[in-house]
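Listed here are the chains, written in short residue letters.
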Amino acid sequence: MSERPSLEEFTAAARAWLAERYPVAAADTGKRRFVWGEGSDEIRVFAEPDPSSEADAVDAIRAWRAGLWEAGYGWITGPTEYGGAGLPAAYQRAFEQVSRQFDVPGDASLTIGLGMIAPTILQHGTEEQKQRYLPALYRGEKIACQLFSEPGAGSDLASISTRAVRDGDVWRISGQKVWTSGAHLSDIGEIICRTSPEPRHKNLTAFLVDMHAPGVTVRPLRQMTGGAAFNEVFLDDVVVPDTDRLGEVGEGWTIAITTLANERNSLGSSSFGGVGILSTDRLAGLVRHQGLDDDPAVRQQFGEVVSHLRAARYVNEVVGAQARAGRPPGAEIGLSKIALSDNLRRLGDFVSELLGPEVAADTGEWGTYAWSSLVLGAPGFRLGGGTDEILKNTVAQRVLGLPRPS
Ligand SMILES: Cc1cc2nc3c(=O)[nH]c(=O)nc-3n(C[C@H](O)[C@H](O)[C@H](O)COP(=O)(O)OP(=O)(O)OC[C@H]3O[C@@H](n4cnc5c(N)ncnc54)[C@H](O)[C@@H]3O)c2cc1C
């Protein structure tokens, strides 16, 4: 058994590996401070690549993951029996930190697979499923999506109506899912189906469905940001082998809760921030550019926004410290996500006031209309991964111990 490298050795080797393959990121070439008008002015809540360049971006991400896997950085904290490096979370954080200094493709289209589906398979999958899916997901060979929401079941997920009926060694799935992020790029989907007339929460089963199987139809949904990052998915008598059932029959609710907890963890984590969203330097740059830096009311609003961003960072640190201490994400993670969606709204309101009509009409001026993507994307963030209202209910009951309404 090879000896574990020290954190310093590991970080130095990772830096050398990255430096050999990727250019140093612009923010690390000496221009650390934000400079108005320099570089890209892109600000996005959700990754929404232009469809014409999306395939190239996905190829680059797959190649990045394949390279990471080969070098032993593909799943730093993962168990060695599934191809992981078996190292503590501090090594993963060190790798992320050093990779931010380079212009790497990142994991944009893999976040659901790596952040939500893979940990669920690790927790609930059979040995054969772990061997088959985990290396493929971390290597970037398979992209995964989350097939939970339906036209008649979002917050009340337990009332889904997509059915899976057993037929010998296989299951036949029929129904409709909606808001499925990245389904158009995915190879597999974690799906929750109704499998029996048992009482609520006991009548659901989870499966891993092949998104290329006959009977699966994916239709993109256009959002008000102009992008089409999520989809409707129709399932018409789709055959899924029983070996792709995730967990026991009737255990689908437990599996769904695991995936949702992982989702809140990845959405609320401090690594989130889309492109340029939470940069207070950029916000200060806009205030100055609009000639409002001496306006007392604007200064007060700016101070409020920045204080809320700081407070959210501290909440994230508390949640992060719990994760580092080895505790699985609990209901507290909802606080991080609520803080982030509140801050996106706050930022959107503030920049809309600063920009006036410029947030709605593109004058071609750097750093102005670009904020429209945040203003239009923020409402979606309040819904995805559990709406703010549902998360507040969860925090009230499970963190504060308030009684459930009778
Ligand atoms: C950007 C984005 C990405 C998404 N990606 C995925 C994905 O990949 N896979 C997937 O399966 N789903 C996805 N979703 C769907 C998301 O999970 C649902 O939108 C969410 O669960 C809410 O469901 P709904 O839209 O049906 O709203 P509803 O549940 O119909 O809620 C409507 C309104 O009523 C409120 N409400 C409902 N019940 C209560 C209650 N008990 N107490 C107080 N208020 C309540 C809600 O807060 C909301 O404001 C995504 C959504 C977004 C916006």
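Since the model is a prediction, treat every value here as computed from it, not as a measurement.

Scanning the chain from terminus to terminus reveals 11 helices and eight strands. Here the C-alpha atoms of the chain give a radius of gyration of 22 Å, agreeing with the 22 Å that 2.2 N^0.38 yields for 406 residues. Considering only C-alpha atoms, the chain reaches an extent of 70 × 55 × 45 Å along its principal axes. Taken over 406 residues, the chain has a buried fraction of 42%. A fraction of 73% describes how many contacts in the chain between residues 6 or more apart in sequence connect residues 24 or more apart. Accessible area of the chain: about 20200 Å², with a carbon and sulfur share of 52%. In the chain, 40 positive and 52 negative side-chain charges are present, and the distance between their average locations comes to 5 Å.

All right, on to the site of the ligand then. Among the 17 residues in the neighbourhood of the ligand, the closest are listed as S149, S155, W179, T387 and E389. Taking E389, its side chain carries an N or O atom lying 2.7 Å from an oxygen atom of the ligand. For the shell around the ligand, the elements supplying multiple residues, two or more each, are β3 (170-181), α10 (372-383) and α11 (388-399). Residue classes in the shell around the ligand are distributed as six nonpolar, 10 polar and one charged.

Attention shifts here to the UniProt feature "domain: Acyl-CoA oxidase/dehydrogenase middle" (unreviewed entry) in the chain. Within this numbering scheme, the UniProt entry marks residues 145-238 as carrying the feature "domain: Acyl-CoA oxidase/dehydrogenase middle" (unreviewed entry). A distance of 16 Å separates the end C-alpha atoms of residues 145-238, which is 0% helix and 52% strand.

If you walk through the whole model with that rule in mind, you get nine aromatic pairs. Between W36 and W366, the ring centres sit 5.1 Å apart and the planes meet at 75 degrees, which makes this aromatic pair edge-to-face. Remark: W366 occurs in the loop between α9 (333-355) and α10 and W36 occurs in the loop between α1 (7-21) and α2 (51-71); sequence separation between them is 330 residues. With a relative accessible area of 28%, W36 lands in the partly exposed category. For W366, a relative accessible area of 17% puts it in the buried group. Seen in terms of ring centroids, Y73 and F95 are 4.8 Å apart; in terms of plane orientation they differ by 25 degrees. Their pairing is stacked. Placement of Y73 in the loop between α2 and α3 (89-99) and of F95 in helix α3 is noted, with a sequence separation of 22 residues between them. Counting every residue linked through ring pairs, the aromatic cluster contains F10, W17, Y73, Y91 and F95. Over the ring of F381 we find K337; its NZ or CZ atom is 5.1 Å from the centre of that ring.

Relative to the elements of secondary structure, E54 occurs in helix α2. The buried charged residue E54 lacks any salt bridge, with R222 as its nearest oppositely charged partner at 9.2 Å. With sequence-adjacent residues up to four places away left out, E54 is seen in contact with P49, H184 and L185.

What the rule picks out here adds up to 15 salt bridges. Between R21 and E20 there is a salt bridge, with its nearest N and O atoms 3.6 Å apart. Two residues, R245 and D242, come together in a salt bridge whose shortest N-O distance is 2.8 Å. On the basis of relative accessible area, R245 is assigned to the buried category, the value being 16%. Owing to a relative accessible area of 15%, D242 belongs among the buried residues under this scheme.

Positionally, L18 belongs in helix α1. A C-alpha to C-alpha distance of 9.9 Å links L18 and F95, two positions 77 residues apart in sequence. Excluding anything up to four places from it in sequence, L18 contacts W64, F95, V98, S99, F102 and V104.

Scoring rules and cut-offs
- Think of each chain on its own: its residues are numbered from 1, step by step along the sequence as written.
- pLDDT decides what is reported in this predicted model: residues at 70 or higher carry local features, side-chain atom pairs at 80 or more are listed and counted, and totals for whole chains, interfaces and linings draw on all residues regardless.
- The side-chain numbers reported here are obtained from all heavy atoms of the structure, hydrogens and water having been left aside.
- Secondary structure elements are taken from DSSP: a helix is a run of H or I of four residues or more, a strand is a run of E of two residues or more, and numbering for both begins at the N terminus.
- All radius of gyration figures rest on C-alpha atoms, and the globule criterion is 2.2 Å times the number of residues raised to 0.38.
- Three labels apply to residues, based on accessible area from a 1.4 Å probe with only protein chains included: buried if under 20% of the type maximum, exposed if over 50%, partly exposed otherwise in between.
- By definition in these notes, contact holds between two residues if any of their heavy atoms fall within 4.5 Å.
- To be clear on the numbers: accessible area is Shrake-Rupley with a 1.4 Å probe, and residue cover counts the displayed protein chains and nothing else.
- Only four residue types enter the tally: Lys and Arg on the positive side, Asp and Glu on the negative side; His and the chain ends are excluded.
- Working definition for charges: the position is that of NZ of Lys, CZ of Arg, CG of Asp or CD of Glu.
- Here a residue is considered near a molecule or strand provided that any single heavy atom belonging to it is located within 4 Å of it.
- For this analysis, a polar contact is any N or O atom pair within 3.5 Å, provided that within protein one partner can donate a hydrogen and the other can accept it, and provided that sequence-adjacent residues contribute only side-chain to side-chain pairs.
- Residues are sorted three ways: Asp, Glu, Lys and Arg are charged, Ala, Val, Leu, Ile, Met, Phe, Trp, Tyr, Cys and Pro are nonpolar, and all the rest, Gly among them, are polar.
- UniProt positions are given in the numbering used here, feature names are shortened, and annotations may be inferred rather than shown by experiment.
- Centres within 6.5 Å are what make two rings of Phe, Tyr or Trp a pair, Trp counting through its six-membered ring; a difference in plane orientation under 30 degrees is then read as stacked, over 60 as edge-to-face, and the rest as tilted.
- Two thresholds decide whether a charge sits over a ring: the Lys NZ or Arg CZ must be within 6 Å of the ring centre and within 35 degrees of the ring normal.
- Salt bridges are defined by distance alone: a side-chain nitrogen of Lys or Arg within 4 Å of a carboxyl oxygen of Asp or Glu.

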